[in-house]
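# Inside the fold
Spelled out from the first residue to the last, the chains are:
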Amino acid sequence: NKMAKAEYNYTVDSARASLVRQEDTIIFGLIERARFPLNSPTYNQSYASIPQFRGTLLDFLVRDTEVIQAKAGRYTNLEENPFFPENLPPSVEPHYPFSQFLHPSAAMININNVIWKLYIDELLPIFVASGDDGNYAQTAATDLSLLQAISRRIHYGKFIAEAKFRESPKGYEPLIRAKDKEALMKLLTIESVEEMVVKRVKKKAMVLGQEVSLDRNVKGIKYKVDPSVVSFLYQKWLIPLTKNVEVEYLLSRLD
Ligand SMILES: C=C(O[C@@H]1C=C(C(=O)O)C=C[C@H]1O)C(=O)O
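Residues numbered from 1 in each chain as written. Predicted model: local features only at pLDDT ≥ 70, side-chain atom pairs only at ≥ 80, totals over all residues. Heavy atoms only, no water.

Labelled according to an unreviewed UniProt entry, the protein chain appears under the name Chorismate mutase, originating from Glycine soja.

This is the structure we're talking about:
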């Protein structure tokens, strides 16, 4: 029933359970992108010669896909954040009453420009092979789904932060009023949870990304993406950026 769902509230536990499920999506996204080599023309503006468009092939695919997805209603759910929020058309779909769980002034945080640059400059080179096989459109399509999965995970920090705030407003309020970023970061950090995330994604990459063969002569296990690269991505980028979103969200929580 629609109204019952609209009243659905997130808790720290339910939000964490979502992050755990999102790990699967991110790992499959990495596996799918790693099918192709780097294919650098995908990200090169001087390679793309799209009529009436300035930008790379990836810019083009993401921008136009977001237009269609916005019309179809994707961004009426605040778990989704567009990479090109400027001039997106409204949804043409009937309005679904999603829960208004986030604090309105903090809900609009969007660090996708940071995520985009990081993805292309830092992440891609560590999990894809170098080289060029000409499949630029297919490559861009896998980039799009992986970027969306990574962005959703990082911006989910808003929901985690709101749930944490509601569980202990007395702990957070003075730090928010003092704009004490460092103390907020310390209060919301739980190292044991982070360690579990890092270990679990490595194990998931082994299980979900294992090459499966019926040939008994195949020796040794091969993985479609290196499991230690997956745990490194989480440790170095995804977790820290999620926590930055949590801090930014909390700083605006009392506005
Ligand atoms: C997301 C949370 O907040 C922080 C960020 C974590 C993460 O990004 O996985 C894990 C633990 C916390 O340090 C959480 O508490 O679950």
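## Overview of the UniProt feature "domain: Chorismate mutase" (unreviewed entry) in the protein chain
Residues annotated by UniProt as "domain: Chorismate mutase" (unreviewed entry) correspond here to residues 136–246. Summarising residues 136–246: 77% helix, 0% strand, and an end-to-end C-alpha distance of 35 Å. (UniProt positions renumbered as here; feature names shortened; annotations may be inferred. Helix = DSSP H or I, 4+ residues; strand = E, 2+ residues; numbered from the N terminus.)

## A word on the site of the ligand
Every one of the 15 residues lining the ligand counts as a neighbour, but R16, R153, K164, I190 and E194 are closest to it. Between the ligand and the protein, one listed contact pairs an oxygen atom with a backbone N or O atom of I190 at 2.8 Å. E246 is positioned with one of its side-chain polar atoms (N or O) 2.9 Å from an oxygen atom of the ligand. Coverage of the ligand by the protein amounts to 99% of the 360 Å² it exposes when considered alone. The set of elements that each furnish at least two residues to the shell around the ligand consists of α2 (12–33), α7 (157–167), α10 (191–208) and α11 (227–251). Here the element with the most residues in the shell around the ligand is α11; it accounts for 4 residues. Counted by class, the shell around the ligand contains 7 nonpolar, 2 polar and 6 charged residues. (Near = heavy atom within 4 Å. Polar contact = N/O pair within 3.5 Å; in protein donor to acceptor, adjacent residues only side chain to side chain. Areas by Shrake-Rupley, 256 points an atom, 1.4 Å probe, with all protein chains shown as cover. Nonpolar A, V, L, I, M, F, W, Y, C, P; charged D, E, K, R; others polar.)

## Quick notes on α10
Turn by turn, an α-helix covers 3.6 residues, leaving residues three or four places apart pointing in a common direction. Look at α10: 25 Å from first C-alpha to last across 18 residues, which is about the 26 Å you get at 1.5 Å a residue. Residues of α10 that are buried: V197, V198, V201, K204 and A205. Looking down the long axis of α10, one finds its buried residues gathered within 130° of arc, a one-sided arrangement. The exposed residues of α10 that point more than 90 degrees off its buried face are E195, K199, K203 and V207. The secondary structure elements touched by the buried residues of α10 are α2, α6 (136–155) and α11. (Expected span 1.5 Å × (residues − 1). Buried < 20%, exposed > 50% of the residue type's maximum accessible area, 1.4 Å probe, protein only. Arc of directions from axis to C-beta. Contact = heavy atoms within 4.5 Å.)

## Concerning the packing of aromatic side chains
Within a pair of aromatic rings, the relevant descriptors are the distance that separates the centres and the angle that separates the planes. Evaluation of the coordinates by the stated rule reveals 10 aromatic pairs. Between F84 and W116, the ring centres sit 5.5 Å apart and the planes meet at 70°, which makes this aromatic pair edge-to-face. Of this pair, F84 sits in the loop between α3 (57–71) and α4 (104–107) while W116 sits in helix α5 (residues 112–127), and the two are 32 residues apart along the sequence. The class of W116 is buried, set by a relative accessible area of 15%. Each member of the aromatic cluster is reached from another via a ring pair, and the members are Y10, F101, Y156 and F159. Looking at R63, its charged tip hangs above the ring of F84, at a distance of 4.1 Å from the centre. (Phe/Tyr/Trp six-rings, centres within 6.5 Å; stacked < 30°, edge-to-face > 60°. Lys NZ or Arg CZ within 6 Å of the ring centre and 35° of its normal.)

## Side note on unusual backbone geometry
Notably, Q52 is not glycine yet its phi reads approximately 55°, a positive angle. Taking relative accessible area as the criterion, Q52 reaches 87% and is therefore assigned exposed. For K179, which is not glycine, the phi torsion reads 50° and is therefore positive. Tracing the backbone shows K179 in the loop between α8 (169–177) and α9 (181–188). Residue classification places K179 among the exposed positions, given a relative accessible area of 64%.

## Considerations on empty space enclosed by the protein
Inspection of the entire model under this criterion finds 1 cavity of 30 Å³ or more. As a volume, the largest cavity reaches approximately 40 Å³. Looking at the lining of the largest cavity, its residues break down into 2 nonpolar, 3 polar and 3 charged. (1 Å grid on protein atoms, 1.4 Å probe; cavity = no way out; pocket = protein on both sides within 12 Å on 5 of 7 lines; lining within 4 Å. Points joined across faces, edges and corners; volume = space filled by probe spheres on them.)

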